[in-house]
Amino acid sequence: MSEETAVQRTTAALFTSPCALSEAAAALPKTPGLYAWWAAPTVLPSFAGPENSADPGRRLLYLGKATRLRSRITSNHLRRSGSSTLRRTLAGLLMATEGYRTTWTDRVVLVPEDEERLTEWMHEHLSLTWAEHPDPLSVEGELISRLGPPLNVDGAGRGVALETVKEARARYYAGAGPRPIG
């Protein structure tokens, strides 16, 4: 299969009707692939990603790759800000409205109760699609470049959305204060 065919098939799979996160957790395969996070236009309205043709009430916010889809989503994106760029970005974007707080461990993370609150927020506001792919890294860059998910910094373009995401990530890290000595 050519790279172009792989990109087209993966795009088609990602643009299917998104699943609620409670349904996705059980349905996600343990195989490698790519995943897409979707939201209604009223959620983070300043981030205009492409509309999902199978569910026009949803637009793409973020695209990622995983060597094991199920564990990447359930163990990282839905649990730990320290290992999820998506969670750090969302927390930074929502700090003013949701009051999320960060702290230092071996890295900057949300305080435990805010990790739980962010997971609840994600379940309430986001949905997910995915596509199995034996080598997701080989198509991830091209997909991000073509689709321009606004919460992806690498390859998603330039402009106000990119600057807002960078500022949100900086706010997330700054919230923890200076790194403790020792």
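A. Spotlight on the overall build of the protein. What the protein contains, in helices and strands, is seven helices and seven strands. Traced from its N-terminal end to its C-terminal end, the protein shows the element sequence α-β-α-β-β-β-α-α-β-β-α-β-α-α. With respect to the principal axes defined by its C-alpha atoms, the protein has extents near 50 × 35 × 30 Å. In the protein, which comprises 182 residues, the share counted as buried stands at 46%. Long-range contacts, defined here as pairs at least 24 residues apart, represent 72% of the contacts in the protein between residues at least 6 apart. Carbon and sulfur atoms provide 53% of the accessible area of the protein, an area that totals close to 8,900 Å². Looking at charge distribution, the protein has the averaged site of its 21 positive side-chain charges lying 5 Å from that of its 20 negative ones.

B. Expanded view of the sheet that holds strand E4 (residues 55-66). The strand order E1-E7-E2-E4-E3 describes an open sheet built from five strands, whose pairing is antiparallel. Where the open sheet ends on each side, the last strands, each with one partner, are strand E1 (19-20) and strand E3 (51-52). Against the sheet, helix H3 (residues 69-77) contacts strand E2 (33-39), E4 and strand E7 (126-132), and its axis sits at roughly 45 degrees relative to E2. Across the sheet, helix H6 (residues 137-147) lies against E2 and E4, angled at about 145 degrees from E4, the strand it touches most.

Conventions we followed
Residues numbered from 1 in each chain as written. Predicted model: local features only at pLDDT ≥ 70, side-chain atom pairs only at ≥ 80, totals over all residues. Heavy atoms only, no water. Helix = DSSP H or I, 4+ residues; strand = E, 2+ residues; numbered from the N terminus. Buried < 20%, exposed > 50% of the residue type's maximum accessible area, 1.4 Å probe, protein only. Contact = heavy atoms within 4.5 Å. Areas by Shrake-Rupley, 256 points an atom, 1.4 Å probe, with all protein chains shown as cover. Lys, Arg positive; Asp, Glu negative; His and termini not counted. Charge placed at Lys NZ, Arg CZ, Asp CG, Glu CD. Pairing = 2+ DSSP bridges. Axes fitted to C-alpha atoms, helices over the stretch in contact; angles between N-to-C directions.

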